[in-house]
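Below, each chain spelled out in residue letters.
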2 protein chains.
Amino acid sequence: MTRLQKAILEVVKSSDKHLSAKEIYAKVQSAFPGVAMGTIYRNLNKFAEDKLIRRVSGLASADLFEGNLLPHNHSQCLACGKVADVHIAGMKEFVQEHIGDETVSLDLLVNVICSDCMKKDGNFVFEQPDPKVGC
Amino acid sequence: MTRLQKAILEVVKSSDKHLSAKEIYAKVQSAFPGVAMGTIYRNLNKFAEDKLIRRVSGLASADLFEGNLLPHNHSQCLACGKVADVHIAGMKEFVQEHIGDETVSLDLLVNVICSDCMKKDGNFVFEQPDPKVGC
DNA sequence: ATTGTTGCAAAGGGTTTGCACGTAA
DNA sequence: TTACGTGCAAACCCTTTGCAACAAT
């Protein structure tokens with residue numbers, strides 16, 4: 001593993017947040033000013049394949065990367081976009097009971113209005129709830 | 001509503017499948033040869049906002065549109081990409097118990113190997129399960 | 001006249017890829 | 001040498017948007 005690769009991995013692993021490729025790029029740049037976006041992506045993809053990190057997709061904005069490999073899902077705030085971890089015990093089993101095919105994995109995305117945004121505007125009303133309503 | 005708009009809506013509403021904008025475009029084209037992709041998207045977006053149809057996003061490929069407005073979620077086959085409806089009673093309540101913020105909506109995407117693909121290759125083994133593993 | 005809808009073409013965002021160069025075993 | 005990693009720029013895919021022409025009221 002090159003020094004650059006270690007740096008990229010370290011940025012993701014040492015962050016407690018979910019980071020976009022752009023954010024990772026910015027952080028890596030401080031130590032490797034000449035680094036290219038393509039290289040960031042190539043390595044993030046490799047790390048994700050090798051299960052060193054996890055890629056979170058399906059969000060409203062760009063994919064995020066995280067170092068937390070423990071099974072969990074995510075919530076995103078529809079107002080500010082903030083992404084948080086969601087742990088739901090028995091999720092897979094609960095879902096499996098309802099479908100015929102064998103579940104490989106679940107991607108649960110819980111759309112919320114986070115408490116911060118609720119504080120800012122307690123009357124948060126979705127006249128027409130999220131166009132991407134699941135259930 | 002213009003005749004074109006009715007045609008677009010009809011394509012989505014009368015299909016029992018989930019259709020991509022490209023597929024909808026192709027179908028509408030047979031009656032409106034000069035129709036533009038931008039117009040397809042503009043109208044699909046409007047219909048989704050008005051809750052005449054539903055947009056399914058977060059899939060491995062492009063967003064899909066469906067006429068089924070009843071709350072439900074989706075599964076996608078990791079081998080062939082096929083998307084199917086998934087109905088899980090009590091899903092929202094089950095999830096709500098585990099999170100602090102108020103749930104607006106859920107997007108559950110169940111990654112499976114569908115029975116067709118299982119038949120074709122009964123030994124379907126994911127040496128490295130889906131890089132986008134939820135739980 | 002006013003408003004909304006369309007085709008077109010361009011731009012947008014996020015991501016991937018071909019290629020030549022460089023670096024390391 | 002052989003293999004791999006990198007920067008760069010272009011391409012990619014899906015989707016959105018500005019604009020001028022066009023309907024429809």
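The coordinates are above.
Below you will find a few notes about this structure. In every chain, residue numbers begin from 1 and rise along the written sequence. The order in which chains are written sets their letters, starting at A; the order in which ligands are written sets their numbers, starting at 1. Selection of residues for local features in this predicted model requires a pLDDT of at least 70, selection of side-chain atom pairs for listing and counting requires 80 or more, and totals for whole chains, interfaces and linings are taken over all residues. Excluded from the side-chain calculation are hydrogens and water; included are all heavy atoms of the structure.

## So, the interface of chain B and chain A
Then step 1. Note on definitions: a residue-residue contact is assigned when non-hydrogen atoms from the two residues lie within 4.5 Å. Listed as interface residues are 45 residues of chain B and, on the opposing side, 45 residues of chain A.
Then step 2. When two parts are put together, the accessible area they lose, computed with a 1.4 Å probe and summed over both, is reported as buried area. Counting each side, the surface lost to burial between chain B and chain A is near 4000 Å², with a carbon and sulfur contribution of 60%.
Then step 3. Criterion for a salt bridge: a side-chain nitrogen of Lys or Arg within 4 Å of a carboxyl oxygen of Asp or Glu. Counting every contact that joins chain B to chain A gives zero salt bridges.
Then step 4. We define a polar contact as two N or O atoms separated by no more than 3.5 Å, with the added condition that, inside protein, one atom must be a possible hydrogen donor and the other a possible acceptor, whereas residues neighbouring each other in sequence contribute only through side-chain atom pairs. Joining chain B to chain A, the criterion identifies eight residue pairs in polar contact (both at pLDDT 80 or more).
Then step 5. Listed by contribution, the elements that provide at least two residues to the side of chain B that touches chain A are strand E2 (54-56), helix H4 (91-96) and strand E6 (102-113) of chain B.
Then step 6. In this description a helix means any DSSP run of H or I spanning at least four residues, a strand means any run of E spanning at least two, and both kinds are numbered starting from the N terminus. Residue contributions to the side of chain B that touches chain A peak at twelve residues, all from E6 of chain B.
Then step 7. Two strands pair under a simple rule: DSSP has to find at least two bridges between them. When strand E6 (residues 102-113) of chain A meets E6 of chain B, the two strands line up antiparallel, connected through eleven bridges.

## Quick notes on the packing of aromatic side chains
Then step 1. Each aromatic pair joins two rings of Phe, Tyr and Trp (for Trp, the six-membered one) with centres within 6.5 Å, and gets the label stacked for planes under 30 degrees apart, edge-to-face for over 60, and tilted for any other angle. With the rule as written, the count across this model stands at one aromatic pair over all chains.
Then step 2. An angle of 5° between the planes, with centres 3.9 Å apart, marks the rings of Phe-94 of chain A and Phe-94 of chain B as stacked. Here Phe-94 of chain B lies in helix H4 and Phe-94 of chain A lies in helix H4 (residues 91-96), a pairing that spans two chains.

## Let's talk about the relation of the copies chain B and chain A
Then step 1. Only residues with pLDDT of at least 70 in both copies count here: their C-alpha atoms drive the least-squares fit that superposes the copies. Turning chain B through 179° and shifting it by 0.0 Å along the axis lays it on chain A, with an RMSD of 0.1 Å. The transformation just described matches what one would write down for a two-fold rotation axis. Residues of chain B ranked by C-alpha distance from the rotation axis are headed by Gly-58 of chain B, positioned 1.8 Å from it.
Then step 2. An overlap of 100% is found between the interface residues of chain B and their copies at the interface of chain A, pointing to a shared contact surface.

## Some thoughts on the protein's contact with DNA strand C
Then step 1. Here, proximity means that at least one heavy atom of the residue falls within 4 Å of the molecule or strand. The local shell around DNA strand C holds 17 residues, among which Tyr-41 and Asn-45 of chain A together with Thr-2, Thr-39 and Asn-43 of chain B are the closest.
Then step 2. Within the contact set of DNA strand C, a phosphate oxygen lies 3.1 Å away from a backbone nitrogen or oxygen of Asp-63 of chain A.
Then step 3. Looking at side-chain class alone, the surface near DNA strand C contains five nonpolar, seven polar and five charged residues. Put simply, Ala, Val, Leu, Ile, Met, Phe, Trp, Tyr, Cys and Pro go in the nonpolar bin, Asp, Glu, Lys and Arg in the charged bin, and everything else, Gly too, in the polar bin.

## Remarks on helix H3 (residues 37-49) of chain B
Residue and element names in this part refer to chain B.
Then step 1. Here the expected length of a helix is defined as 1.5 Å per residue gap, with one fewer gap than residues. Between its first and last C-alpha atoms H3 spans 18 Å; for 13 residues at 1.5 Å apiece the expected length is 18 Å, and the two agree.
Then step 2. Buried residues are those whose accessible area, probed at 1.4 Å on protein chains only, stays under 20% of the maximum for their type, while exposed residues exceed 50% and partly exposed ones sit between those limits. When H3 is considered as a whole, its buried residues turn out to be Ile-40, Asn-43, Leu-44, Phe-47 and Ala-48. Seen end-on, H3 carries its buried residues on one side only, within an arc spanning 135°.
Then step 3. Those residues of H3 hidden inside the fold are in contact with helix H1 (3-13), helix H2 (21-29), E2 and strand E3 (64-66). In this description, one arc is meant: the one made by directions from the helix axis to the C-beta atoms.

## Quick look at the protein's contact with DNA strand D
Then step 1. Lining the immediate environment of DNA strand D, one finds 18 residues, of which Thr-2 and Thr-39 of chain A together with Tyr-41, Asn-45 and Asp-63 of chain B sit closest.
Then step 2. Within 4 Å of the protein, atoms of DNA strand D come from sugar and phosphate in 70% of cases.
Then step 3. A distance of 2.9 Å is found between a phosphate oxygen of DNA strand D and a side-chain nitrogen or oxygen belonging to Thr-2 of chain A.
Then step 4. Between DNA strand D and the protein, one listed contact pairs a phosphate oxygen with a backbone N or O atom of Ala-36 of chain A at 3.1 Å.
Then step 5. Those elements that provide at least two residues to the surface near DNA strand D are helix H1 (3-13) and helix H3 (37-49) of chain A together with H3 of chain B.
Then step 6. For the surface near DNA strand D, the element with the most residues is H3 of chain B, which contributes four residues.
Then step 7. The residue makeup of the surface near DNA strand D, split by class, is five nonpolar, seven polar and six charged.

## Side note on the side chain of Asp-107 of chain B
Then step 1. With respect to the helices and strands, the residue Asp-107 of chain B is situated in strand E6.
Then step 2. By the counting scheme adopted, Arg and Lys are positive, Glu and Asp are negative, and His together with the chain ends is not counted. Among buried charged residues, Asp-107 of chain B stands out as having no salt bridge; its nearest opposite-charge side chain is Arg-54 of chain B, 4.6 Å away.
Then step 3. Among the polar contacts made by the side chain of Asp-107 of chain B, one reaches the side chain of Asn-111 of chain A at a distance of 3.0 Å.

## Some remarks on the pairing of strand E5 (residues 83-86) of chain A
Residues and elements named next belong to chain A.
Then step 1. Two strands pair when backbone bridges link them, and strand E4 (residues 73-77) and E5 are joined in this way by four bridges, in the antiparallel orientation. Residue pairing across strands places Ser-75 opposite Ala-84, the latter belonging to E5.
Then step 2. The turn linking E4 back onto E5 is made up of five residues, and Gly-81 within it adopts a positive phi angle of 85°.

Function cannot be inferred from these measures alone, as they are strictly geometric.
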